[in-house]
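Listed here are the chains, written in short residue letters.
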Amino acid sequence: MTRPVQLWDIFCQVVDNYGDIGVCWRLAADLAARGQQVRLWLDDGSALQWMAPLGCPGVTVLPWPSQQLPDPAGDVLLETFGCQIPSLFLGAVADKARNTGRVIPWINLEYLSAEPYVRRSHGLPSPVLSGPGQGLVKHFFYPGFTTGTGGLLRETQLLQRQANFRPENWLRQQGLTRGPGEQLVSLFCYEPKALTTLLDLLARPGQASQLLVTAGRAAQAVRTVLEYKNQAQAQWNQAQNLTINYLPYLSQDDFDHLLWSCDLNFVRGEDSLVRALWAGQPLVWQIYPQQDAAHHDKLDAFLDQIQAPTSLRKFHQSWNEVDDLPLIQFDLADWTQSLRLSRAKLLQQSDLSSQLLAFVHGLQGPEAA
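Quick caveat, the model's predicted, so the values are computed rather than measured.

Draft legend 1. Main features of the packing of aromatic side chains. By the definition in use, this model includes 18 aromatic pairs. Between Phe-11 and Trp-41, the ring centres sit 5.8 Å apart and the planes meet at 5°, which makes this aromatic pair stacked. Residue Phe-11 is found in strand E1 (residues 7–12), and its partner Trp-41 is found in strand E2 (residues 37–42); the two are separated by 30 residues along the sequence. Each member of the pair, Phe-11 together with Trp-41, is buried. These aromatic residues form a ring-pair network of at least three members: Phe-266, Phe-315, Trp-319, Phe-330 and Trp-335. Note that Arg-223 overlies the ring of Tyr-246, its terminal NZ or CZ placed 4.0 Å from the centroid.

Below you can see the structure in the form of structure tokens.
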């Protein structure tokens, strides 16, 4: 269905680790690819220099407004991950709604989870009764893995891009080669305690492995572990079964290419989890730690959702410090089957951008067409 072209104001405060800006940029670019106009308001857009160096037609990146008013106010207001939209901006949007008699949807895009509360909370309204946004209605929009949620980010051309992709060509462009029978493993992580054990697993005799380490915290964590191991355990990789390569910061497209090229992907946070699911390869997710171990329930809900086999569940629990058990050996055949069945189910669901467009259209009614 063709949707009317509207101006979306998307707000993102970059907290850390690039996940928030990663999600917001993908969403902004996807909406623009579907014919919408997007203004992306950021308090720190520096990561876009490597994440999206070419920009995107239809997306304008603007600094977080302090005294700046929108001119004109947009047609849709999207607040991501509970960031606080400046009062002056809200006032301008509320004035436009009153002056034109039009509904201007205000949507709070929430964090991704497979927990049951997502379906209960998705789409709930919260009328604004006071303050600069008085008269507007905020709606909570929850991404998710099942019907009754907002779905997952998935561009319309993603599957075609993936079908046309040739891993050997991309690896060659990065100055990398895959040896005969060598397994490729990508690593995008925080600082897991089990990283030392992971390197030992990859260095075991009988299977040559190449670890492709992403820039930033993952690279620093590996270097720290290697410094210790090379001093205290000098013989740990004597057979040189494990080769380690450090990657530069990758654009979002190239991060997809990395995931598509590897036999096993270690990811973290929200954006990279979704991209690893679409890659259809075995994945291990390092969930962002929360106080009181609340992230353990979130991890369990995700593992239940993908019907993770016992070995994959145990590996996740050790990797995420749910228990203090050592990492077990990979079972890539079993993990692949599980992840590809889950991917097939997810592909049957409507994607997040499509659901957002339909949700907004439903709020505004025929007058928005």
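Draft legend 2. Local environment of unusual backbone geometry. Of note in this structure, Gln-307 is not a glycine but carries a positive phi near 50°. On the secondary structure map, Gln-307 appears in the loop between helix H11 (294–305) and helix H12 (310–319). Although it is not a glycine, Glu-321 adopts a positive phi angle of roughly 60°. With respect to the helices and strands, Glu-321 occurs in the loop between H12 and helix H13 (332–347).

Draft legend 3. Region of the structure containing the state of the cysteines. For the coordinates displayed, the defined rule picks out zero disulfides. Cysteine Cys-24 remains unbridged, with the sulfur of Cys-12 as its closest cysteine sulfur at 3.6 Å. Of the cysteine sulfurs around Cys-56, a residue in no disulfide, the closest is that of Cys-24, at 14 Å.

What counts, and where the lines are drawn
Residues numbered from 1 in each chain as written. Predicted model: local features only at pLDDT ≥ 70, side-chain atom pairs only at ≥ 80, totals over all residues. Heavy atoms only, no water. Phe/Tyr/Trp six-rings, centres within 6.5 Å; stacked < 30°, edge-to-face > 60°. Helix = DSSP H or I, 4+ residues; strand = E, 2+ residues; numbered from the N terminus. Buried < 20%, exposed > 50% of the residue type's maximum accessible area, 1.4 Å probe, protein only. Lys NZ or Arg CZ within 6 Å of the ring centre and 35° of its normal. Disulfide = S-S within 2.5 Å.

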